[in-house]
Amino acid sequence: MHVLERHTLKMAARTHVGLVRLNNEDFVFSDATQGIAVLADGMGGLFAGEDASAVAVEAVRRQLLDENFAVTSTAQIEQLVRHAHEVLLEYAETQNYVGKMGTTLVVWVALGGCSYFAHVGDSRLYHHDGDELHLVSKDHTVAQRLLDMGALTPRQAQMSPKRHVLTQGLGLPGVIHPQTGSLNLNGRFLLCSDGLSDLVPTARIAELMAAADIEAAATELVRLALDEGGQDNISLILIEA
């Protein structure tokens, strides 16, 4: 990966199996020096979900650390996600898991004075600009689609059993349409799985993202999700730019 201009970044990554699941289907990778953060929440049960998230993150990691590759546009980070999708589809075929395994994915890359992002699924990307918390990503779920159509209110969408039914995911059959974009490299960013965002109120996420110590904030975010029951795996990468 070519770094045009280095910025001093801090990153705090956490992943926890939670209090209910027997295994951790989440996978995270972060490298503050290279300005890379990747998070995935696998699906498919047992080792299928674990494998899906690990394979997708590894495909992204290898591409981003290739000295002949650099993300300098949203088109390139979209290409990166589509590549990971193809890698996972090929892996599923070798394991006889076609249509039975998949993963969400959030990719964040800092280059120059920009941060580029892409996501598929219902793992999330938040940005705290120093004043307010902004949800950057939009969930690829049936509940979100119904909300966009006006068939559900925001409150109904938040409580809907369809809030975890994905409309697209890496490794699942069909064409993916990643959400991509770029933001100024300032403030703080949070990549997280739904095991965190489902259980920790937005106000508490905002409060902790503004805390002085991101390592302590990351640990506290996991603790809060566990205190609320920890029904799912809990993963996050907190970034200070």
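Please refer to the structure placed before this passage.
Scope of this entry: the structure provided in the associated data block. All figures in this text were calculated on a predicted structure; none of them were measured in a lab.

1. Regarding the overall build of the protein
Across its full length, the protein holds 7 helices and 11 strands. Taken over the C-alpha atoms alone, the protein extends approximately 40 × 40 × 35 Å along its principal axes. Taken across its 241 residues, the protein has 48% of its residues classed as buried. Taking all contacts inside the protein whose residues are at least 6 apart in sequence as the whole, residues at least 24 apart take part in 70%. Just so you have it, the protein exposes about 11,000 Å², and 51% of that area is on carbon and sulfur atoms. Looking at charge distribution, the protein has the averaged site of its 17 positive side-chain charges lying 4 Å from that of its 30 negative ones.

2. Things to note about the sheet that holds strand S1 (residues 10-16)
Here we have 5 strands laid out as an open sheet, ordered S1-S11-S10-S7-S8, and antiparallel in their pairing. Every other strand in the sheet has two partners, leaving S1 and strand S8 (133-135) as the edge strands with one partner each. Across the sheet, the mean angle separating the axes of adjacent strands is 15° when strand polarity is ignored. Pairing of strand S10 (residues 188-192) with strand S11 (residues 234-240) involves 5 bridges; the strand directions are antiparallel. Bridge assignment links Leu 190 to a residue of S11, and that residue is Leu 238. Relative to the sheet, helix H7 (residues 214-227) contacts S1, S10 and S11, its axis offset from that of S1 by approximately 25°.

3. What about the pairing of strand S6 (residues 114-120)?
For S6, the tally of buried residues reaches 6 of 7 residues, placing the bulk of the element in the interior. Between strand S5 (residues 105-111) and S6, which pair antiparallel and follow one another directly, the connecting turn spans 2 residues, one of which, Gly 112, has a positive phi of 65°.

4. Quick look at the pattern of salt bridges
According to the stated counting rule, one finds 13 salt bridges in the structure shown. Here Glu 220 and Arg 223 are joined by a salt bridge, their closest N and O atoms 2.5 Å apart. Taken together, the residues Glu 220 and Arg 223, both in helix H7 and 3 residues apart, mark about one turn of the helix. Classification of Arg 223 by relative accessible area gives partly exposed; the value is 38%.

5. Looking at helix H6 (residues 202-209)
Taken as a whole, H6 has its buried residues at Ile 205, Ala 206, Leu 208 and Met 209. Buried positions along H6 lie against strand S7 (124-128), S8, S10, H7 and S11.

6. So, the packing of H6 against H7
Look at H6 against H7: their axes get within 9 Å of each other, and the N-to-C directions meet at 160°. By the angle class used here, H6 and H7 are roughly antiparallel. The hand of the H6/H7 crossing is right-handed. Across the interface between the two elements, Arg 204, Ile 205 and Leu 208 of H6 pack against Ala 217, Glu 220, Leu 221 and Leu 224 of H7.

7. Some words on the packing of aromatic side chains
According to the stated counting rule, one finds 1 aromatic pair in the structure shown. Ring centres of Trp 108 and Phe 189 lie 5.1 Å apart, and the angle between their planes is 50°; this geometry places the pair in the tilted category. Taken as a pair, Trp 108 in strand S5 and Phe 189 in strand S10 lie far apart in primary sequence, 81 residues in all. Neither Trp 108 nor Phe 189 differs from the other in exposure class; each is buried. Against the face of Phe 29 rests Arg 61, its NZ or CZ located 5.9 Å from the ring centre.

Reading the values: rules and limits
- Residues numbered from 1 in each chain as written.
- Predicted model: local features only at pLDDT ≥ 70, side-chain atom pairs only at ≥ 80, totals over all residues.
- Heavy atoms only, no water.
- Helix = DSSP H or I, 4+ residues; strand = E, 2+ residues; numbered from the N terminus.
- Buried < 20%, exposed > 50% of the residue type's maximum accessible area, 1.4 Å probe, protein only.
- Contact = heavy atoms within 4.5 Å.
- Areas by Shrake-Rupley, 256 points an atom, 1.4 Å probe, with all protein chains shown as cover.
- Lys, Arg positive; Asp, Glu negative; His and termini not counted.
- Charge placed at Lys NZ, Arg CZ, Asp CG, Glu CD.
- Pairing = 2+ DSSP bridges.
- Axes fitted to C-alpha atoms, helices over the stretch in contact; angles between N-to-C directions.
- Salt bridge = Lys/Arg side-chain N within 4 Å of Asp/Glu carboxyl O.
- Parallel < 35°, antiparallel > 145°, perpendicular 65-115°, else oblique.
- Left-handed = near helix turned anticlockwise from the far one by under 90°.
- Phe/Tyr/Trp six-rings, centres within 6.5 Å; stacked < 30°, edge-to-face > 60°.
- Lys NZ or Arg CZ within 6 Å of the ring centre and 35° of its normal.

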